[in-house]
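# Overview (structure and organization)
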Amino acid sequence: ASGESILGRKKMRLDEALMVLNLEKDKVTAEAVQKQYERYFTANSVEKGGSFYLQSKVYRAKEQLDEFIKEQQQQQQNSGK
């Protein structure tokens, strides 16, 4: 992984994504990520006086953690063969 997304922007680091969504690495599940994403994305809604910048950080954190979960699942499948 080069650390860049398709658009050439650097991806968020895993530790930053965990911090943004207030999760611990060993407790990351798709359900936990979705729950925290919805909570923080809604809380930072511009319509509610929140920040678009913070909303985008929450979105990028979810993106990174979704990828982390996918990689973990692939590793588990490969080690099970």
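Residues numbered from 1 in each chain as written. Predicted model: local features only at pLDDT ≥ 70, side-chain atom pairs only at ≥ 80, totals over all residues. Heavy atoms only, no water.

## Some words on the environment of Leu14
Keep this limit in mind: In DSSP terms, a helix is any run of H or I states spanning at least four residues, a strand is any run of E spanning at least two, and both are numbered starting from the N terminus. Residues count as neighbours in contact if any of their non-hydrogen atoms are within 4.5 Å of one another.
Inspection of the secondary structure puts Leu14 in helix α1 (residues 14-20). The spatial distance from the C-alpha of Leu14 to the C-alpha of Leu65 is 7.1 Å, given a sequence separation of 51 residues. Setting aside its immediate chain neighbours within four residues, Leu14 contacts Lys25, Gln64, Leu65 and Phe68.

## As for unusual backbone geometry
Heads up, the rule is: Burial status follows relative accessibility: with a 1.4 Å probe on protein chains alone, a residue under 20% of its type maximum counts as buried, one over 50% as exposed, and anything between as partly exposed.
Not every positive phi belongs to a glycine, and Asn22 is a case in point at roughly 55°. Its location among the elements puts Asn22 in the loop between α1 and α2 (30-43). When its relative accessible area of 54% is taken as the criterion, Asn22 is described as exposed.

## Looking at the nonpolar core
What counts, and what does not: What is meant by a nonpolar core is a set of buried Ala, Val, Leu, Ile, Met, Phe, Trp, Tyr and Cys residues, joined one to another through side-chain atoms within 4.5 Å.
Core analysis: the biggest nonpolar cluster contains 16 residues, and Leu18, Leu21, Leu23, Val28, Val33 and Leu65 have the highest contact counts within it. For this core, the elements supplying multiple residues, two or more each, are α1, α2 and α3 (52-79). Ignoring sequence-local partners within four residues, the contact set of Leu23 consists of Leu18, Ala32, Val33, Gln36 and Leu65.

## Some details on the environment of Asn44
You can see Asn44 is positioned in the loop between α2 and α3. On the basis of relative accessibility, which here comes to 16%, the residue Asn44 falls in the buried class. Separated by 12 residues in sequence, Asn44 and Ser56 place their C-alpha atoms 9.5 Å apart.

## Here we look at the side chain of Lys62
Within the fold, Lys62 resides in helix α3. In contact with Lys62, other than residues within four places in its own chain, are Leu21, Val33, Gln34 and Tyr37.

## Digging into the pattern of salt bridges
A side chain of one charge can pair with a side chain of the opposite charge when the charged atoms of the two come close. The test is simple: Any carboxyl oxygen of Asp or Glu that lies within 4 Å of a side-chain nitrogen of Lys or Arg is treated as forming a salt bridge with it.
One pass over the full model with this rule turns up 6 salt bridges. The shortest N-O distance in the salt bridge between Arg60 and Glu63 comes to 2.7 Å. Separated by 3 residues within a single helix, Arg60 and Glu63 lie in helix α3, roughly one turn from each other. Overall, Glu63 belongs to the partly exposed group, its relative accessible area being 37%.

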